[in-house]
Amino acid sequence: MWDLTQLYPDDAAWDAERLAVKSALPGVKPFKGTLGTDAATLLRAMDTTSALTKRLGRLNTYASLKADENLKNTKPQEMRQLMQALSSEYGQAVSWMRPEIAALGKDKLEEFIKAEPGLAKHAFGLRDIQRLAAHVLSDEAESILAGTSVVRAGPNAIYSQLSNAELPWPTVTLATGKTIRLDSQGYTEARQATNRDDRKRVFDAFFGAWNQYHNTIGQMYVSSVRGDVFGARSRKYPTALAASLAANDVPDDVYKSLVKSANDGLPTLHRYFKLRQRLLGLKEIRYYDIYPPMLKSDRKFPIERTRELTLAAMQPLGPDYVAKITKATGERWANIYPTEGKRAGAYMNPGAYDVHPYLLLNHHDTYDGLSTYAHEWGHAMHSVLANEAQPYENAGYPLFLAEIASTCNEMLLADRMVADAKTKDDKLFYLGQILESLRGTFFRQTMFAEFELKTHEAIERGEALSGDKLSAIYLDLLKRYHGDREGVMKIDDLYGVEWAFIPHFYRAYYVYQYATSISAAAWFAEQIQTKGDAGRDNYLAVLKAGGSDHPVAILQKAGLDMTKPEPYQALVRRMDRIMDEMEKLLAEKN
Ligand SMILES: [Zn+2]
């Protein structure tokens with residue numbers, strides 16, 4: 001169990017620190033209007049706010065972890081709310097800083113950075129504000145734009161209300177006699193049913209329910225897209241895509257290259273569906289045949305075994321990494337088992353820079369539990385290495401990089417499990433698991449990315465979009481990705497409404513990063529395996545870089561150009577290699 005006393009000895013100490021930070025906020029105000037005076041003044045202002053955000057990060061971490069231990073306890077929920085209030089108070093106290101830094105101009109800023117060595121650790125952040133200065137509007141316009149954010153959040157709020165609470169979910173009775181209510185959780189479970197008729201019944205009932213509201217949900221989604229386009233145009237970006245990617249200085253070509261490469265790789269995806277069809281023993285494969293396991297394993301991985309296997313699988317990352325992860329996994333950083341009221345899922349929280357990362361797991365003894373453990377520790381080690389190598393200001397990294405560290409660990413684990421498997425069945429099981437995760441993270445997320453691009457471009461061209469039209473666009477993508485025309489998998493028209501079920505679409509241009517990350521991870525895993533110490537050190541340098549530069553630039557320094565097809569081809573190659581191996585094993589078997 002994690003030890004939160006390493007953050008604060010108790011709630012009272014946390015509250016005292018919260019009040020201390022609150023009373024320190026007015027200390028920022030005297031700097032207003034002085035940032036251009038000289039380099040020393042700018043440094044003092046930057047150090048002041050940096051120290052505050054670091055303290056806020058630690059306070060937030062404590063409140064948030066405490067709250068997640070048991071969501072039914074009201075006190076920690078209140079603590080979390082107090083932190084939301086304090087963070088927003090902080091935001092208001094420093095809101096004048098970005099425009100004032102932007103107004104300094106490039107030359108003056110560079111002069112200051114040169115004159116004052118203390119500004120080195122702030123340089124990346126300061127230059128980034130300069131970079132985006134052309135998209136900062138007048139005070140009045142900024143204030144109006146800030147006021148629209150609550151209005152623009154409307155579609156997502158309405159969608160959550162409907163999809164989490166009020167949509168009337170159907171129930172289906174499975175062949176076993178068990179009746180299941182098909183809400184989102186029930187659907188995720190029931191779609192894995194081994195009985196094929198059950199799966200079809202589940203799909204038809206679930207998507208039938210969404211379909212009844214598809215025009216209403218279409219209006220919600222289109223309003224959300226219109227909000228994205230409005231925000232982008234207000235800030236003088238050519239497109240909503242450009243506005244979204246600008247935050248991390250990701251070139252449009254990354255998105256375009258991803259989509260193009262995924263399409264070029266579709267024959268590999270179709271090969272997977274044929275293999276899946278063969279393993280499931282089906283005459284034809286349909287969309288509802290994607291989720292049941294192709295192969296079963298009753299191997300159990302209790303936590304001690306999970307830890308041992310993960311540590312062994314990290315050997316290719318070198319003695320330093322292994323020593324650090326061995327030590328860290330032996331300490332009280334993680335909340336491991338599911339308990340009553342605890343938050344579902346798994347995450348790593350890097351918020352307390354001076355302490356260490358914390359991990360929330362809900363460990364179960366399956367391969368999935370083992371893989372999640374390796375994934376989340378990949379995140380934690382990323383932060384450990386970045387925090388050691390970088391000052392606080394440059395340690396934090398965006399999602400674009402984050403999922404590389406976690407999925408690379410998953411791949412190293414999977415490769416090790418395959419290599420060490422004692423029986424053909426075990427080997428096939430692990431290989432099948434990897435394939436399924438590559439399908440879901442690379443191809444499916446890229447298909448989502450393509451949908452978002454199409455809907456935003458339609459609105460940008462001034463076209464009208466209804467629920468019917470959205471379903472038609474999505475159905476078209478489903479058919480293309482799943483090889484409907486090639487006779488690989490026939491897609492029923494009803495499943496074109498699946499877009500209505502994907503909550504991520506209300507956060508535009510976000511999910512593509514899962515696909516880019518897993519591609520980069522496949523590329524690095526290949527480098528680590530084929531280039532020895534040089535490949536490994538090159539990869540570790542990316543982790544150690546933290547957020548010291550923009551993500552695409554950090555990867556470029558490691559020799560990986562995300563605007564080119566290479567990283568995506570590495571992922572497709574990996575899928576093909578795995579299928580070669582599986583087909584070989586299957587041939588031996590018979
Ligand atoms: Zn992750």
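Since the model is a prediction, treat every value here as computed from it, not as a measurement.

## Remarks on unusual backbone geometry
Thinking step 1. Of note, the phi angle at Lys-236 is positive, near 65°, even though the residue is not glycine.
Thinking step 2. Position of Lys-236 among the secondary structure elements: in the loop between α11 (214–234) and α12 (240–246).
Thinking step 3. Of note, Asp-249 is a non-glycine position whose phi angle comes to about 55°, a positive value.
Thinking step 4. Inspection of the secondary structure puts Asp-249 in the loop between α12 and α13 (252–264).

## So, the UniProt feature "domain: Oligopeptidase F N-terminal" (unreviewed entry) in the protein chain
Thinking step 1. Mapped onto the present numbering, the UniProt feature "domain: Oligopeptidase F N-terminal" (unreviewed entry) falls on residues 100–167.
Thinking step 2. Annotated as 79% helix and 0% strand, the span residues 100–167 places its first and last C-alpha atoms 47 Å apart.

## Observations concerning the coordination of the zinc ion
Thinking step 1. Coordination of the zinc ion by the protein comes from His-375 (NE2), His-379 (NE2), Glu-403 (OE) and Glu-403 (OE), over a distance range of 2.1 to 2.6 Å.
Thinking step 2. Between the 4 donor atoms coordinating the zinc ion, the angles at the centre fall across 53 to 139°, so the site counts as irregular.
Thinking step 3. Within one chain, the residues serving as donors to the zinc ion are arranged as H-x3-H-x23-E. Of the two residues, His-375 and His-379 are both situated in helix α17 (residues 367–389); the distance of 4 residues between them amounts to about one turn of the helix.

## Things to note about the nonpolar core
As a rule of thumb, nonpolar side chains are buried together in soluble globular proteins.
Thinking step 1. Residues Trp-210, Phe-442, Trp-499, Phe-524 and Tyr-539 are the most contacted members of the largest nonpolar core, which totals 156 residues.
Thinking step 2. With 16 residues, the top contributor of residues to this core is helix α20 (residues 424–460).
Thinking step 3. Built from parts of two domains, this core gets at least three residues from each of domain 2 (165–296 + 444–506) and domain 3 (303–330 + 378–430 + 511–589).
Thinking step 4. Among all residues touching Tyr-539, those that are not within four sequence positions of it are Leu-317, Ile-404, Ala-405, Cys-408, Phe-524 and Ile-528.

## A short note on the domain arrangement of the protein chain
Thinking step 1. We note that the domain assignment places domain 1 (4–152), domain 2 (165–296 + 444–506) and domain 3 (303–330 + 378–430 + 511–589) within the protein chain.
Thinking step 2. Placing a centre on the C-alpha atoms of domain 1 and another on those of domain 2 gives a separation of 38 Å.
Thinking step 3. Counting residues at the interface gives 11 residues for domain 1 and 11 residues for domain 2.
Thinking step 4. Counting each side, the surface lost to burial between domain 1 and domain 2 is near 910 Å², with a carbon and sulfur contribution of 51%.

## Topic: the sheet that holds strand β5 (residues 347–349)
Thinking step 1. In space, the 3 strands of this open sheet follow the order β4-β6-β5, with mixed pairing throughout. Strands with a single pairing partner mark the edges of an open sheet, and in this sheet they are β4 (334–335) and β5.
Thinking step 2. In this structure, β4 lies alongside strand β6 (residues 358–360), joined through 2 bridges in parallel fashion. Opposite Ala-334, over in β6, you have Leu-359 as the bridge partner.
Thinking step 3. Helix α2 (residues 39–69) rests against β4, β5 and β6 of the sheet, and its axis sits at about 150° to β5.

## Considerations on the UniProt feature "domain: Peptidase M3A/M3B catalytic" (unreviewed entry) in the protein chain
Thinking step 1. When the UniProt feature table is mapped onto this chain, "domain: Peptidase M3A/M3B catalytic" (unreviewed entry) is found at residues 192–570.
Thinking step 2. End C-alpha atoms of residues 192–570 are separated by 29 Å, and the span's content is 63% helix alongside 3% strand.

## Some remarks on the environment of Val-202
Thinking step 1. Here Val-202 lies in helix α10 (residues 196–211).
Thinking step 2. As for Val-202 and Tyr-187, which are separated by 15 residues in sequence, their C-alpha atoms are 7.0 Å apart.
Thinking step 3. Setting aside its immediate chain neighbours within four residues, Val-202 contacts Val-172, Leu-174, Leu-182, Tyr-187, Ala-190 and Arg-191.

## Some points on helix α1 (residues 11–24)
Thinking step 1. Taking 1.5 Å as the rise per residue, α1 with 14 residues should run 20 Å; its terminal C-alpha atoms sit 20 Å apart, in good agreement.
Thinking step 2. For α1, every residue scored as buried is listed here: Trp-14, Glu-17, Arg-18 and Val-21. Down the axis, α1 shows its buried residues gathered within 105° of arc, on one side only. In α1, the exposed positions that point more than 90 degrees away from the buried face belong to Ala-12 and Ser-23.

## Let's talk about the side chain of Asn-362
Thinking step 1. The topology assignment puts Asn-362 in the loop between β6 and α17.
Thinking step 2. With a relative accessible area of 19%, Asn-362 lands in the buried category.
Thinking step 3. Polar side-chain contacts of Asn-362 include one of 2.9 Å to the backbone oxygen of Arg-343.
Thinking step 4. If sequence neighbours within four positions are ignored, Asn-362 has contacts with Ile-336, Tyr-337, Pro-338, Lys-342, Arg-343, Ala-344 and Gly-345.

## Digging into the packing of α11 against helix α21 (residues 467–482)
The angle between the axes and the distance between the axes are what describe a pair of packed helices.
Thinking step 1. The geometry of α11 relative to α21 is characterised by a closest axis approach of 7 Å and an angle of 85° between their N-to-C directions. Classified by the angle between their axes, α11 and α21 sit roughly perpendicular to one another. Residues His-214, Asn-215, Gly-218, Tyr-221 and Val-222 of α11 form the contact with α21, whose own contacting residues are Gly-467, Asp-468, Leu-470 and Ser-471.

## Comments concerning the packing of aromatic side chains
Thinking step 1. Taken as a whole and judged by the stated rule, the model has 46 aromatic pairs.
Thinking step 2. Aromatic side chains Trp-169 and Trp-210 sit 5.5 Å apart centroid to centroid with 70° between the ring planes, which places their arrangement in the edge-to-face category. Highlighted residues: Trp-169 in the loop between α8 (154–166) and β1 (171–173) and Trp-210 in helix α10, separated in sequence by 41 residues. With respect to class, Trp-169 is no different from Trp-210; both count as buried.
Thinking step 3. The aromatic ring of Tyr-8 is capped on one face by Arg-58, whose charged end is 5.7 Å from the ring centroid.

## Details of the environment of Asn-60
Thinking step 1. Looking at the element boundaries, Asn-60 is found in helix α2.
Thinking step 2. Spatially, the C-alpha atom of Asn-60 lies 33 Å from that of Gly-318, the residues being 258 residues apart in sequence.
Thinking step 3. Residues in contact with Asn-60, not counting those within four places in the same chain, are Met-83 and Ser-87.

## Focus: the packing of helix α15 (residues 303–313) against helix α19 (residues 399–420)
Thinking step 1. Relative to each other, α15 and α19 sit at 100°, their axes nearing to 9 Å. One way to sum up the angle between α15 and α19 is to call them roughly perpendicular. Of the residues in α19, those touching α15 at Leu-309, Thr-310, Ala-312 and Ala-313 are Leu-412, Leu-413, Arg-416 and Met-417.
Thinking step 2. Looking at side-chain class alone, the contact of α15 with α19 contains 6 nonpolar, 1 polar and 1 charged residues.

## A look at the pattern of salt bridges
Thinking step 1. Under the counting rule described, the total for this entry stands at 48 salt bridges.
Thinking step 2. Close ionic contact of Arg-80 with Asp-68 constitutes a salt bridge, the shortest N to O distance being 3.3 Å. Of this pair, Arg-80 sits in helix α3 (residues 74–93) while Asp-68 sits in helix α2, and the two are 12 residues apart along the sequence.
Thinking step 3. With a closest N to O distance of 2.8 Å, Asp-264 and Lys-260 form a salt bridge. In this pair, Asp-264 and Lys-260 both sit in helix α13, 4 residues apart, roughly one turn of the helix. For the pair shown, Asp-264 and Lys-260 are each scored as exposed.
Thinking step 4. Connected through salt bridges with shared partners, the residues Arg-196, Arg-199, Lys-200, Asp-204, Glu-284, Arg-286, Asp-289 and Asp-492 form a single ionic network.

Reading guide: rules and limits
Residues numbered from 1 in each chain as written. Predicted model: local features only at pLDDT ≥ 70, side-chain atom pairs only at ≥ 80, totals over all residues. Heavy atoms only, no water. Helix = DSSP H or I, 4+ residues; strand = E, 2+ residues; numbered from the N terminus. UniProt positions renumbered as here; feature names shortened; annotations may be inferred. Donors = N, O, S within 2.8 Å, 3.2 Å for Na, K, Ca; no water. Tetrahedral: all angles 85-135°; square planar, octahedral: opposite > 155°, others 65-115°. Core = buried A, V, L, I, M, F, W, Y, C linked by side-chain atoms within 4.5 Å. Buried < 20%, exposed > 50% of the residue type's maximum accessible area, 1.4 Å probe, protein only. Domains from an automatic or database assignment. Contact = heavy atoms within 4.5 Å. Buried area = accessible area lost by both parts, 1.4 Å probe. Pairing = 2+ DSSP bridges. Axes fitted to C-alpha atoms, helices over the stretch in contact; angles between N-to-C directions. Expected span 1.5 Å × (residues − 1). Arc of directions from axis to C-beta. Polar contact = N/O pair within 3.5 Å; in protein donor to acceptor, adjacent residues only side chain to side chain. Parallel < 35°, antiparallel > 145°, perpendicular 65-115°, else oblique. Phe/Tyr/Trp six-rings, centres within 6.5 Å; stacked < 30°, edge-to-face > 60°. Lys NZ or Arg CZ within 6 Å of the ring centre and 35° of its normal. Nonpolar A, V, L, I, M, F, W, Y, C, P; charged D, E, K, R; others polar. Salt bridge = Lys/Arg side-chain N within 4 Å of Asp/Glu carboxyl O.

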